[in-house]
Number of protein chains: 2
Amino acid sequence: MPKFAKRMDNLKASEIRELLALTADPSIISFAGGLPAAELFPIDAWIEASNKVMKNNGAAALQYGPTDGYARLREHCVTRMKKVGCKDVKPEDIQILSGSQQGLDFVPRVLIDPGDYIIVESPTYLGALNAFKAYEPKFLQVALDEDGMILEDLEEKLKNHDNVKFIYVISDFQNPSGKTWTLERRKGLIELANKYDVMILEDNPYGELRFEGEIQPSLRSLDTENRVIFMGTFSKIFSPGIRVGWFNAAPEVLEKFNMVKQGADLQTSTTTQMILSQFLDDNDLEEHIAKIIEVYGKRKNIMVDAMKKYFPEEVTFTNPEGGLFLWVSLPEGLNARDIAVKAIEKKVAFVPGGAFYPESPEENHFRLNYSCMPEDKIEEGIKRLGEVLHDAVK
Amino acid sequence: MPKFAKRMDNLKASEIRELLALTADPSIISFAGGLPAAELFPIDAWIEASNKVMKNNGAAALQYGPTDGYARLREHCVTRMKKVGCKDVKPEDIQILSGSQQGLDFVPRVLIDPGDYIIVESPTYLGALNAFKAYEPKFLQVALDEDGMILEDLEEKLKNHDNVKFIYVISDFQNPSGKTWTLERRKGLIELANKYDVMILEDNPYGELRFEGEIQPSLRSLDTENRVIFMGTFSKIFSPGIRVGWFNAAPEVLEKFNMVKQGADLQTSTTTQMILSQFLDDNDLEEHIAKIIEVYGKRKNIMVDAMKKYFPEEVTFTNPEGGLFLWVSLPEGLNARDIAVKAIEKKVAFVPGGAFYPESPEENHFRLNYSCMPEDKIEEGIKRLGEVLHDAVK
């Protein structure tokens with residue numbers, strides 16, 4: 001066996017991916033993954049767009065294309081940016097990515113030397129933690145309350161650490177907590193980033209999937225010193241299988257990402273970019289998103305109602321206004337990993353919360369996904385989970 | 001502007017990518033890129049495969065899929081491995097990549113700590129050098145003669161440097177030189193890798209595109225101690241726009257690649273993997289490859305004949321038995337970058353050779369691509385280039 005690089009010591013297989021492998025068993029009711037509802041994929045419209053592209057422009061669609069992305073698709077990304085309050089973005093301010101997970105790899109590659117700090121929400125997306133760890137950063141965790149990061153805690157950390165390179169934030173319907181930052185907190189974050197001269201990585205996969213209330217302006221739209229690197233994706237509003245996301249950031253940062261992209265995979269698939277772009281030309285994405293929102297909102301309500309009915313009262317949970325996930329908290333001392341083992345015996349899966357902390361994991365939480373199970377299974381799964389929880393809190 | 005990571009100091013934009021941008025001008029005769037001939041893409045068969053997948057299995061094709069790749073496609077990769085002499089590969093020995101460029105990023109990520117050595121052919125593929133540089137390696141260059149790396153020179157380097165992690169080799173129709181290693185040299189390389197306990201990265205994008213002579217067994221097929229990491233791709237035998245390549249390597253190495261893949265982009269597009277796989281189920285790829293070989297072989301001959309006719313006799317060049325590139329050598333003292341500037345004035349583009357060396361570049365060479373220009377333009381382009389060269393050697 002070869003001697004592997006030191007950075008590999010930090011990596012381990014994602015617990016979610018391993019759980020997903022387990023939940024391939026169709027008899028399992030899975031709240032574990034983050035899969036969009038496949039029955040909503042616009043397959044017929046995709047076929048139409050695909051045939052149009054291939055008949056009119058097939059040679060280009062199968063050929064190499066530019067590193068920064070297919071020009072027309074970058075225009076469509078500009079439209080998405082407007083939806084989250086960024087009115088002045090131009091197509092040249094967009095770098096297409098092979099899914100926004102690729103951005104989670106690129107940002108630390110460009111910004112982090114071993115030992116530099118990344119500040120993350122506590123808890124935060126474990127796929128981000130795994131991507132970041134390859135660059136040997138240190139982590140600082142800032143707790144979330146109902147309004148976002150606790151800014152006093154954030155400032156304390158910024159004040160006491162010199163080499164903080166960026167703050168990683170999912171400000172809308174966070175994965176895993178389902179929480180959304182208030183406007184006040186967003187503005188406060190931007191001020192602190194300016195004051196302490198650090199970058200912000202805004203990961204925004206769910207922002208357009210709001211069931212109720214008002215869309216908050218993205219951090220990027222509140223950015224006064226070009227410090228926010230925005231990541232968007234078509235995974236949750238269209239399809240994750242095509243692997244298309246994007247960056248919007250300051251030109252000098254995009255220039256670095258472009259160089260990194262050349263080394264990483266040259267470019268995102270011309271084929272999927274051109275077909276997606278044609279789909280967006282010919283269809284009303286807003287209408288499609290409205291359908292997704294209706295279905296996910298309903299599923300979320302069913303899950304929350306079932307939890308109220310079946311969970312013991314000692315167990316609390318968030319009630320998100322959008323997105324795909326909610327976060328369950330057990331009384332301290334209970335370990336969600338133990339609950340997960342018992343739940344799997346009853347054919348119900350979820351992701352224990354410990355994986356969502358870079359260090360000092362809080363083991364008494366877990367994440368539930370409500371986007372990809374039909375309503376009767378949500379009810380049944382929560383009922384079974386309630387039985388496990390009632391046993392556990394006894 | 002943020003303070004970027006130290007590794008970014010090593011990166012610069014690929015000269016090829018910048019040249020490709022320039023050659024978007026359709027009046028330019030470009031021998032610069034490495035584009036496959038787009039007129040050979042099997043567009044109708046692709047449409048058929050795509051519609052079949054989408055109608056029968058569209059939800060799966062647009063959904064997340066496994067990190068290691070679509071199962072049926074991994075079987076097709078096993079078939080490709082047999083073509084290069086690897087008879088015992090199993091589907092689980094394959095990791096699907098978003099093009100083999102992604103492999104050029106993953107191998108140093110898994111093996112290289114800053115300051116470790118990578119041994120490369122001199123010259124070598126510049127896209128590999130750019131990908132490797134992000135991991136802050138040192139490079140050792142070993143010269144090529146007509147039979148492959150000069151093994152005495154290689155052993156000297158291995159003997160005198162402790163922390164050589166891998167040897168990067170394109171053994172068939174090398175980019176940029178067009179050279180192919182003999183069987184004897186291949187065996188000698190494996191012996192040296194065993195003796196000095198280093199890994200080999202075999203990059204094999206062109207191996208199946210042989211115009212004449214016998215296919216040499218791949219390094220992977222000669223591997224006695226599971227030291228060879230093999231990278232294959234569908235870019236040159238099918239389409240680069242879909243971005244699908246693969247690794248074959250020892251299980252403990254594949255395990256690391258799988259973890260890295262999760263962080264890098266979760267998985268390669270399910271959509272393109274499933275459509276490609278359907279295409280391979282329903283069509284005879286060997287027949288398609290035979291067509292490509294016929295066209296490229298003819299273009300290569302036309303280029304070589306034109307060079308014999310139009311180039312001054314002081315200028316020498318390789319005459320590859322396959323692949324997409326040949327390598328032109330000017331008398332020492334002449335600089336191919338100067339020639340490139342004059343050639344662009346005559347609307348002919350190529351890549352100056354200096355970019356293909358990690359250090360101590362030899363500036364009196366350049367690379368010509370013959371796969372993507374029609375025959376009359378090849379003749380005309382070489383004629384114009386001949387005029388520039390005659391002026392230069394005067």
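In the annotation of an unreviewed UniProt entry, the entry for chain A reads Aminotransferase, class I/II, and the organism field reads Aedoeadaptatus nemausensis. Entered under Cofactor (unreviewed entry) in the UniProt record, the comment concerning chain A runs "pyridoxal 5'-phosphate". Within the UniProt record for chain A, the comment given under Subunit (unreviewed entry) is "Homodimer."

Asks: Explain the overall build of chain A to me, please; I cannot follow it from the model alone.
Replies: Along the backbone of chain A there are 13 helices and 14 strands. Radius of gyration (C-alpha) of chain A: 21 Å, near the 21 Å computed for a compact globule of 394 residues. Viewed in the frame of its principal axes, chain A has a C-alpha envelope of about 60 × 55 × 55 Å. Per-residue burial for chain A yields a buried fraction of 66% across its 394 residues. The long-range share in chain A, meaning contacts at least 24 apart out of those at least 6 apart in sequence, stands at 76%. For chain A, the distance from the average site of its 47 positive side-chain charges to the average site of its 61 negative ones is 3 Å.

Asks: Looking at this structure, how should I read helix H3 (residues 71–83) of chain A?
Replies: In an α-helix, one turn spans 3.6 residues, which is why side chains three or four residues apart end up on the same side. Residues and elements named next belong to chain A. Turning to H3, its buried residues are Leu73, Arg74, His76, Cys77, Val78, Arg80 and Met81. For H3, the elements touching its buried residues are strand E2 (94–97), helix H8 (219–222), strand E8 (228–233), strand E9 (245–248), helix H10 (270–282) and helix H11 (285–310). Gly85 sits one or two positions beyond H3 and adopts a positive phi of about 90 degrees.

Asks: So what exactly am I meant to see when it comes to the pattern of salt bridges here?
Replies: Pairing between side chains of opposite charge can happen when their charged atoms approach one another. Under the criterion given, the structure shown has 60 salt bridges over all chains. Among the ionic pairs, Asp223 of chain A bridges to Arg220 of chain A, the shortest N-O distance being 2.8 Å. Across the pair, Arg220 of chain A and Asp223 of chain A agree in class, each one buried. The partner of Arg227 of chain B in a salt bridge is Glu225 of chain B, and the shortest N-O contact between them spans 3.0 Å. Salt bridges linked by common partners bring Arg80, Lys83, Glu208 and Glu286 of chain A together as one network.

Asks: What am I meant to see in the relation of the copies chain B and chain A here?
Replies: Mapping chain B onto chain A is achieved by rotating through 180 degrees and translating by 0.0 Å along the same axis, at an RMSD of 0.0 Å. Put plainly, the chains are arranged around a two-fold axis. Minimal C-alpha distance to the rotation axis in chain B is attained by Thr272 of chain B, lying at 3.8 Å. Interface overlap between copies is the fraction of interface residues in one copy that are interface residues in the other; for chain B against chain A it reaches 100%, indicating a shared surface.

Asks: What is the right way to read the packing of helix H4 (residues 100–111) of chain A against helix H5 (residues 126–133) of chain A from this model?
Replies: Two measures define how a pair of helices packs: the angle their axes make with one another and the distance between the axes. All names here are of chain A. H5 packs onto H4 with a crossing angle of 40 degrees between their chain directions and a minimal axis gap of 8 Å. Note that H4 runs across H5; the crossing there is right-handed. Residues Gln101, Leu104, Asp105 and Pro108 of H4 pack against Gly127, Ala128, Ala131 and Phe132 of H5. A per-class count over the contact of H4 with H5 returns 5 nonpolar, 2 polar and 1 charged.

Asks: Help me understand the environment of Gly207 of chain B, please; the structure alone is not making it clear to me.
Replies: Residue and element names in this part refer to chain B. In this fold, Gly207 is placed in the loop between strand E7 (199–203) and helix H8 (219–222). For Gly207, a relative accessible area of 5% puts it in the buried group. Spatially, the C-alpha atom of Gly207 lies 25 Å from that of Leu111, the residues being 96 residues apart in sequence. Once you skip the residues sitting within four places of it in the chain, Gly207 turns out to touch Asp172, Phe173 and Ile215.

Asks: Looking at this structure, I do not really get the interface of chain B and chain A. What am I missing?
Replies: The extent of an interface is frequently quoted as the accessible surface area lost upon association of the parts. Counting residues at the interface gives 71 residues for chain B and 72 residues for chain A. Across the chain B/chain A interface, buried area totals approximately 6300 Å², and carbon plus sulfur atoms make up 61% of it. The residue Arg109 of chain A makes a salt bridge to Asp105 of chain B at a minimum N-O spacing of 2.9 Å. Summed over the shared surface of chain B and chain A, the result is 36 residue pairs in polar contact (both at pLDDT 80 or more). Mapped onto the side of chain B that touches chain A, the elements with two or more residues apiece are helix H2 (43–61), helix H4 (100–111), helix H9 (251–265) and helix H10 (270–282) of chain B. Counting residues per element, the side of chain B that touches chain A draws most heavily on H2 of chain B, at 10 residues. Here the residues of the side of chain B that touches chain A sort into 34 nonpolar, 22 polar and 15 charged.

Asks: Whenever I open this one, the state of the cysteines confuses me. Can you help?
Replies: Working definition: the covalent bond between the sulfur atoms of two cysteines is a disulfide. A complete count under the given rule lists 0 disulfides over all chains for this structure. Take Cys86 of chain A: it sits in no disulfide, and the sulfur closest to it among the cysteines is that of Cys77 of chain A, at 12 Å.

Asks: How should the domain arrangement of chain A be read in this particular structure?
Replies: Residues and elements named next belong to chain A. Along its sequence, chain A is organised into domain 1 (6–41 + 287–393) and domain 2 (64–282). Centre-to-centre separation of domain 1 and domain 2, based on C-alpha positions: 24 Å. With 35 residues of domain 1 in contact, the opposing surface of domain 2 contributes 32 residues. Interface area for domain 1 against domain 2, summed over the two sides, is near 3100 Å², with a carbon-plus-sulfur share of 64%. Joining domain 1 to domain 2, the criterion identifies 3 salt bridges.

Asks: Teacher, can you tell me more about the sheet that holds strand E6 (residues 164–169) of chain A here?
Replies: Strand pairs in the sheet, formed through backbone hydrogen bonds, run parallel or antiparallel to each other. Residue and element names in this part refer to chain A. The strand order E2-E9-E8-E7-E6-E3-E4-E5 describes an open sheet built from 8 strands, whose pairing is mixed. Strand pairing shows two members of the sheet lacking a second neighbour, E2 and strand E5 (148–149), which therefore form its edges. Where H3 meets the sheet, its contacts fall on E2, E8 and E9, and the angle it forms with E2 comes to roughly 105 degrees. Strands in contact with H4 are E2, E6, strand E7 (199–203), E8 and E9; relative to E8, the strand with the most contacts, it is inclined by about 160 degrees.

Asks: I would appreciate a short explanation of H11 of chain A in the present structure.
Replies: Over its 26 residues, H11 of chain A extends 37 Å from the first C-alpha to the last, a length consistent with the 38 Å expected when each residue adds 1.5 Å. Backbone nitrogen of Glu286 of chain A and a side-chain oxygen of the N-cap are separated by 3.0 Å at the start of H11 of chain A; the cap is Asp284 of chain A.

Asks: Quick question: what am I supposed to make of the nonpolar core here?
Replies: Among soluble globular proteins, nonpolar side chains are generally buried collectively. Counting residues in each nonpolar core, the largest one holds 215 residues, and the members touching the most others are Phe234, Leu368 and Ile382 of chain A together with Leu368 and Ile382 of chain B. With 11 residues, H11 of chain A is the largest single contributor of residues to this core. What Phe234 of chain A contacts, discounting residues up to four positions off in sequence, is Leu73, Cys77, Arg80, Ser239, Ile242, Val244, Trp246, Leu276 and Leu280 of chain A.

Rules of the game
- Every chain is numbered on its own, with residues counted from 1 as its sequence reads.
- The lettering of chains begins at A and the numbering of ligands begins at 1, in the order of writing.
- With the structure being a predicted model, the display of local features is reserved for residues of pLDDT at least 70 and the display and counting of side-chain atom pairs for 80 or more, all residues being used for whole-chain, interface and lining totals.
- For the side-chain quantities, the full set of heavy atoms in the structure was used; hydrogens and water were omitted.
- UniProt positions are given in the numbering used here, feature names are shortened, and annotations may be inferred rather than shown by experiment.
- Secondary structure counts use DSSP, requiring at least four H or I residues in a row for a helix and at least two E residues in a row for a strand, with both numbered from the N terminus.
- This radius of gyration counts C-alpha atoms alone. The globule rule is 2.2 Å times how many residues there are, raised to the power 0.38.
- Buried, partly exposed and exposed residues are distinguished by accessible area as a fraction of the type maximum, computed with a 1.4 Å probe on protein chains only: under 20%, between the cut-offs, and over 50%, respectively.
- We call two residues in contact when some of their heavy atoms are within 4.5 Å.
- Working convention for charge: Lys and Arg count positive, Asp and Glu count negative, and His plus the chain ends are omitted.
- Charged side chains are reduced to one point each, which is NZ for Lys, CZ for Arg, CG for Asp and CD for Glu.
- Salt-bridge detection follows one rule: a side-chain nitrogen of Lys or Arg within 4 Å of a carboxyl oxygen of Asp or Glu.
- C-alpha atoms of residues with pLDDT of at least 70 in both copies form the basis for the least-squares superposition of the copies.
- Working convention: axes come from line fits to C-alpha atoms, limited for helices to the stretch in contact. Angles between N-to-C directions cover 0 to 180 degrees.
- In a left-handed crossing the near helix is turned counterclockwise from the far helix by less than a right angle, and in a right-handed crossing that turn is clockwise.
- Ten residues, namely Ala, Val, Leu, Ile, Met, Phe, Trp, Tyr, Cys and Pro, are considered nonpolar, four, namely Asp, Glu, Lys and Arg, are considered charged, and the remaining ones, Gly among them, are considered polar.
- In short, buried area is how much 1.4 Å probe accessible area vanishes from two parts on joining, totalled over both.
- The term polar contact refers here to a pair of N or O atoms within 3.5 Å; inside protein, the definition further demands a hydrogen-donor-capable atom paired with an acceptor-capable atom, and it admits residues adjacent in sequence only when both atoms are side-chain atoms.
- Pairs of cysteine sulfur atoms within 2.5 Å are what we label disulfides.
- Either an automatic procedure or a domain database provided the assignment from which the domain bounds are taken.
- A pair of strands is considered paired only if DSSP assigns at least 2 bridges between the two.
- Expected helix span is taken as 1.5 Å per residue step, with the number of steps being one fewer than the number of residues.
- By nonpolar core is meant a set of buried Ala, Val, Leu, Ile, Met, Phe, Trp, Tyr and Cys residues that side-chain atoms within 4.5 Å join together.

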